Amino acid sequence: MSGFPARFVDSRLRLARITRRALNHIFPDHWSFMLGEVALYSFVILVETGIFLAMFYKDSTVQVIYRGSYHALDGVKMSAAYRSMLHISFDVPAGLLIRQMHHWACDIFIGAIIAHQARIFFTGAYRKPRELNWIVGVTLLLLALANGYFGYSVGGDLLSGAGMRIGYAIMLSVPVIGPWLTFITFGGTVPVTATIPRFYALHIFVVPALISLLIGAHLWMIWWQLHTNYPGPKRTDKLIVGSRLWPSYTLKSLGLFFLLFAVVAMLGGLVQIDPVWVYGPYNPVAILPGAQPDWYLGWVEGAMRLFPGVNFRIGGYLVPELFWPGFFFPVMTFAVLYCWPFIEKLISLDFRPRNVLRWPYQQPFTTALGCAVAAMMVVLEFAGGDDVVALASHARLAAFRELLRVLVFVVPVLTGIVAYLVCVWWRRRRASDDAALRAGNEAVEELTLPQ
Amino acid sequence: MNEEDKGGRSAPNDREDAGKTPEERAKSEARGVSWLLLGGVIGWRAITSVVNFLRRSNKRKVVPAAETTREASGLESPAEKLLVGGAEAGWKAVQLSARAISKVMEEHTRGKPPGEISDLFDRENDTNLDEEEGVNVPRRERRGTFLVICAMVVMFAAAIGFMFTYWTGGNNLLLGGSLALFLAGIGCAMVFWGQLLTVRRQAVAPREPSSSSPSERAAATRAFEAGVQDVRRRRLLRWMGGFGAAFAAAIVVSLMKSLGFPPSAALDTRVWIRGQRLVSLDKTPVSVNSLQPGSMMLVFPENAVGSEKTQTVLVRVREELLRLPQERKDWAPQGYLAYSRVCTHAGCAVGMYETTTHLLMCPCHQSTFDVLDGAQPTGGPAARALPQLPLYVDGAGVLRAAGGFSEPPGPGFWGMP
Ligand code: HEM
Ligand code: FES
């Protein structure tokens, strides 16, 4: 740090101290800490590829006649938005590559967030003092899902049009404020020309800005509080064990970034995703059998299919059947997620700061609950594609759906019970090792820390 | 910081031409600049001629449309096969190295207990795990160097491959594959470097408590309160703040009005007006002879063809099958029935008709509606019947609406009648 640029900057900003502190920052070594980084880096890739796409995309529903190099749609009437999607896919050099990379990066982003959140959940990393970061994290998940939906909607193809219409219907179903909320969001009854520019502004500006801000807050909190440690020698609530930011962690983390980028480029080049030209332009009277939302909204779709058609009125006002699975269920899911660290406190009555993680077997109830919820989500995903599954297996759809209605409750309960028993068995097996570790670490703390 | 001490070390250039006179220095500089210019010109010529050559060869290659699509879809040419094979091999390598890395990291995590405990700021007491575990460092270093060089060769080759493909108008497959290899090369090189060519150290440091100490907290509170004490007429300030916030909120809420219009009129509409003719998508009026029993068509009111809200499905069934409620007995002249085509569940177009069961089906979540019975839902998640359109036949034998839909069409909402 004695080169000219460093000296130039430091003589003005007095950064030496903070730099030294940063370079010496300690990161625990465990592969599961990479999940959060994968989420972070896929967001970086999303922004980079998104900037490229924004150069060519048009957020307009003006109707035009297509005359481009994709001959199958020659002379077809479509929105300018959809035409620009075709332009990116067929005429812009490397356009299709970047478009597919963008979509793949989105799927990886959301997948990584969910995996990361699962690792936080199953190891108890959300406990005091990290509840606030859990809340920021849940908000990030929510924003990521929303932005996926907005991005999916601005394509102007038949599939995205269907998705937009269903989103509209869900919002409309909300009691009391639904109609107003919907008209303020969509600008009228769908499909309207106002909606795509709005979603586009949200998709490329508002939501990414919020995500960036919250990622900043998230990382700052991790930095300030230091990471947790997995149980192990010398890993106590008062000590941190790991390797330094510079150089080992830096090289590893940057390496991860480039490898992730490579995987995204590989998928973008070799594996087709969201071929909008196959679906055709949005047309309000066209039908598209077998349509599904992107996988990360499949659980809501599944709930919408399984929920029975019950409608009732409160004082003459209608609460439509769509409200419960489409709005109430996801909102409650997120409400429980937000409150989870505090709910857990009520169960465990543990209010002390915790910096050492728990292995899943050390928290049987939480693990069982998490497995049950995951199982329910899997069943709902299946239900979201039940027509395709029924078609493929020659089962009668109605019967299959009845079965799923049972499974959606039975499978989670069974999964939870099995997970609980496995945890208890495992904990008993490891009891003596764990006790020895705990005793050893207490001794370490006593010896090394001023009391 | 004492910069003078380090001046000599940090600026080797100064040392090199320390013994030269100013003229000599100027001359060598001029020589350097002219070499640079010459090199630049030659390099530029080389690049432009390569680019021109590539462009020309690109233009000469006029490929018939059929062939381009074959190229884009399949893995026909040997070059592509090679590349895909290479990519797969690369992926295998990535997987293997990831496994190796996670093994190394696992050992790292569960390794021997670390040595002394240092301050978070200080790395002096970090344990050297290589020494502690007796790792054969020279061997690991040889392996690491070899792997890093391999990764870099892949990276350079792939970068050249990407440029070449791009400038020759290459397809998605080759672009993605070469870009992936390039990035994987960088990534692998860095990971190998970090894992194999870096001393493995473990640090242990005390954590700070998660909350401030009581005295820090008290000091912060005192600072805040001292400021509050200095503010005069505190109550007025509080009122100002409160009103300011309330008015800001009011302004934001009123601005929201620009985003949409009151929904009730647009939602609570029956769409059709009595007397309107039913027309098809190509705007021809529908007559009583248009459909055979058991068939279906898409119709619109004549003033709004092709719109999402007005789309209506017209089916014809044998009259004796009808099971309409009493008050709708005359809504279906000669077995013609018209229903809104917008699903009452979530608004998809109810576009499928099963002739033998007389069911309309929505492709989105497979709700079914019985056309004989006023389109009551018989299966799937929809709870409300499709709104029915009363019909009559005019003197010329053309079908016309005898009024609006029985309910507002589309998915349900709070104020729905
Ligand atoms: C855009 C999405 C997200 C990004 C980019 C992100 C990034 C990160 C990173 C890089 C870390 C440190 C490494 C690690 O522990 O994996 C981390 C830690 C953490 N994240 Fe996230 N995260 C995201 C979403 C979430 C979500 C959805 C949750 C939970 C609901 C969450 C909760 C936490 C917590 C509690 C920690 C501290 C863990 C510890 O110290 O052990 N994050 N996050
Ligand atoms: S939209 Fe028709 S069944 Fe859901």
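Residues numbered from 1 in each chain as written. Chains lettered and ligands numbered in written order. Predicted model: local features only at pLDDT ≥ 70, side-chain atom pairs only at ≥ 80, totals over all residues. Heavy atoms only, no water.

Draft legend 1. Layout of the sheet that holds strand 2 (residues 201-206) of chain B. Strand order in the open sheet formed by 4 strands is 1(A)-4(A)-2(B)-1(B), and the pairing between neighbours is antiparallel. Each end of this open sheet is capped by a strand with a single partner; those strands are strand 1 (26-27) of chain A together with strand 1 (127-128) of chain B. Most of the contacts of helix 10 (residues 245-270) of chain A go to strand 4 (residues 239-244) of chain A, to which it runs at about 70°, and overall it touches strand 1 and strand 4 of chain A. (Pairing = 2+ DSSP bridges. Helix = DSSP H or I, 4+ residues; strand = E, 2+ residues; numbered from the N terminus. Contact = heavy atoms within 4.5 Å. Axes fitted to C-alpha atoms, helices over the stretch in contact; angles between N-to-C directions.)

Draft legend 2. Region of the structure containing the coordination of the iron atom of ligand 1. Residues and elements named next belong to chain A. For the iron atom of ligand 1, the full set of protein donor atoms is His116 (NE2) and His218 (NE2), and the range of their distances to it is 2.0 to 2.1 Å. Each of the 6 donor atoms bound to the iron atom of ligand 1 contributes to angles spanning 85 to 179°, and the resulting shape is octahedral. Taken as a pair, His116 in helix 5 (residues 95-123) and His218 in helix 9 (residues 195-225) lie far apart in primary sequence, 102 residues in all. (Donors = N, O, S within 2.8 Å, 3.2 Å for Na, K, Ca; no water. Tetrahedral: all angles 85-135°; square planar, octahedral: opposite > 155°, others 65-115°.)

Draft legend 3. Focus on the nonpolar core. Ranked by size, the top nonpolar core spans 140 residues in total, and within it Tyr57 of chain A together with Leu337, Tyr339, Leu360, Phe369 and Val371 of chain B carry the most contacts. Sorting elements by how many residues they give to this core places helix 5 of chain A first, with 15 residues. Setting aside anything within four residues of it in sequence, one finds Val371 of chain B in contact with Val315, Val317, Leu337, Tyr339, Tyr353, His358 and Leu360 of chain B. Formed by 14 residues, the second largest nonpolar core is a distinct cluster that contains Trp272, Val286, Leu314 and Phe405 of chain B. (Core = buried A, V, L, I, M, F, W, Y, C linked by side-chain atoms within 4.5 Å. Buried < 20%, exposed > 50% of the residue type's maximum accessible area, 1.4 Å probe, protein only.)

Draft legend 4. Spotlight on the domain arrangement of chain A. Residues and elements named next belong to chain A. Splitting chain A by domain gives domain 1 (31-358) and domain 2 (361-451). Relative to domain 2, the C-alpha centre of domain 1 lies at a distance of 24 Å. Contacts between the two partners involve 33 residues from domain 1 and, on the opposite side, 26 residues from domain 2. Of the roughly 2300 Å² buried between domain 1 and domain 2 on both sides combined, carbon and sulfur atoms contribute 64%. Three residues stand out in domain 1 for area buried against domain 2, namely Phe122, Arg305 and Leu306, and they jointly supply 30% of the buried area on that side. Inspection of the domain 1/domain 2 interface yields 2 salt bridges. Residue Asp387 pairs with Arg305 through a salt bridge whose shortest N-O separation is 2.8 Å. (Domains from an automatic or database assignment. Buried area = accessible area lost by both parts, 1.4 Å probe. Salt bridge = Lys/Arg side-chain N within 4 Å of Asp/Glu carboxyl O.)

Draft legend 5. The interface of chain A and chain B, seen in detail. Each partner contributes to the interface: chain A provides 102 residues, whereas chain B provides 89 residues. Surface buried jointly by chain A and chain B totals about 8000 Å² across both partners, of which 66% is contributed by carbon and sulfur atoms. Linking chain A to chain B there are 3 salt bridges. Arg384 of chain B is paired through a salt bridge with Glu321 of chain A; the nearest N and O atoms lie 3.4 Å apart. Where chain A touches chain B, the interface holds 26 residue pairs in polar contact (both at pLDDT 80 or more). Residue composition of the side of chain A that touches chain B, by class: 59 nonpolar, 23 polar and 20 charged. In the sheet, strand 4 of chain A pairs with strand 2 of chain B via 4 bridges, with the strands oriented antiparallel. Residue pairing in the sheet places Val241 of chain A in a bridge with Val204 of chain B of strand 2 of chain B. (Polar contact = N/O pair within 3.5 Å; in protein donor to acceptor, adjacent residues only side chain to side chain. Nonpolar A, V, L, I, M, F, W, Y, C, P; charged D, E, K, R; others polar.)

Draft legend 6. Inspection of the state of the cysteines at higher detail. Overall, the coordinates contain 1 disulfide over all chains when judged by the stated rule. Two residues share a disulfide in this structure: Cys348 of chain B and Cys364 of chain B, whose sulfurs sit 2.0 Å from each other. One disulfide, between Cys348 of chain B and Cys364 of chain B, carries an S-S torsion of -80° and so falls in the left-handed class. Of this pair, Cys348 of chain B sits in the loop between strand 6 (336-340) and strand 7 (352-354) while Cys364 of chain B is found in the loop between strand 8 (359-361) and strand 9 (368-370), placing the two residues 16 residues apart along the sequence. Across the pair, Cys364 of chain B and Cys348 of chain B agree in class, each one buried. Looking at the unpaired Cys423 of chain A, the closest cysteine sulfur is the one in Cys371 of chain A, lying at 7.0 Å. (Disulfide = S-S within 2.5 Å.)

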